[in-house]
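One letter stands for each residue in the lines below.
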Amino acid sequence: ETGVTQSPTHLIKTRGQQVTLRCSSQSGHNTVSWYQQALGQGPQFIFQYYREEENGRGNFPPRFSGLQFPNYSSELNVNALELDDSALYLCASRSGTVTGELFFGEGSRLTVL
Amino acid sequence: QKEVEQDPGPLSVPEGAIVSLNCTYSNSAFQYFMWYRQYSRKGPELLMYTYSSGNKEDGRFTAQVDKSSKYISLFIRDSQPSDSATYLCAPRRGRERFGAGTRLTVKP
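Residues numbered from 1 in each chain as written. Chains lettered and ligands numbered in written order. Predicted model: local features only at pLDDT ≥ 70, side-chain atom pairs only at ≥ 80, totals over all residues. Heavy atoms only, no water.

> Give a description of the sheet that holds strand β8 (residues 71-76) of chain B that names residues and reports values.
All names here are of chain B. Pairing within the open sheet is antiparallel, and its five strands lie in the order β1-β3-β8-β7-β6. Every interior strand has two partners, whereas the edge strands, β1 (4-6) and β6 (54-58), have only one. Between one strand and the next, the sheet's axes are offset by a mean angle of 15°, whatever the strand orientation. Of the pairings in the sheet, the one linking strand β3 (residues 19-25) to β8 comprises six bridges and is antiparallel in character. Within β8, the residue paired with L21 across the bridge is L74. (Pairing = 2+ DSSP bridges. Helix = DSSP H or I, 4+ residues; strand = E, 2+ residues; numbered from the N terminus. Axes fitted to C-alpha atoms, helices over the stretch in contact; angles between N-to-C directions.)

> Describe the environment of L90 of chain A, listing the residues and the values that go with them.
Inspection of the secondary structure assignment puts L90 of chain A in strand β9 (residues 87-94). Spatially, the C-alpha atoms of L90 of chain A and P43 of chain A are 7.8 Å apart, while their sequence positions differ by 47 residues.

> So what about the layout of surface pockets? Which residues, and what values?
Considered as a void within the structure, the largest pocket measures approximately 820 Å³ in volume. Lining the largest pocket are 28 residues; nearest its centre among them are L39 and R109 of chain A together with Y39, S40 and R41 of chain B. Sorting the residues of the lining of the largest pocket by element identifies β9 (85-93) and β11 (102-107) of chain B as the ones contributing at least two each. At four residues, β11 of chain B tops the list of elements feeding residues into the lining of the largest pocket. Tallied by class, the residues present in the lining of the largest pocket amount to nine nonpolar, 14 polar and five charged. (1 Å grid on protein atoms, 1.4 Å probe; cavity = no way out; pocket = protein on both sides within 12 Å on 5 of 7 lines; lining within 4 Å. Points joined across faces, edges and corners; volume = space filled by probe spheres on them. Nonpolar A, V, L, I, M, F, W, Y, C, P; charged D, E, K, R; others polar.)

Printed below as a string of structure tokens:
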């Protein structure tokens, strides 16, 4: 069973640029969530996708957007990068059940200069 | 007021100590109370969870929820250096709300 994989693992961008982060969910999982984790903080919910539809969003501006594909893989796009966007971006998947456990990837560490 | 408050520590204890990690929350609608463990440079992983109030034990770990005081605890008995990690409480209704995490170091 393949776990959640994310790419790239590290990247550096400059302010104003755009970035796309990718996630392959665990086999059989149809729900994908994205989190932002700043240094020394807990993960903050960005949004969730269920069967290719966004079905929940946290307190993040519209320049954070996403997609989920038919194979349940997902992308997180961030436009007009700001310095405060520097963080670890975590993707997590679950099978969509009420008590379904969240399985996290190892994250993509984004640095904005 | 944040939905979930957790002391970020850091907390350093000697091997074999009993560790107590705590969170408070504000939303009485939370039904599940999760604890995730996050090793350095890794994603969080579910350690254990409880439903509603009460205790749940799993080996050296005990999770405790007091809904009347909105207080969540995780106890680690006979702590080991391999327990050194950040522990995140995450009460849940629909989706998890993560605390800031407590960074724990267990020294040999």
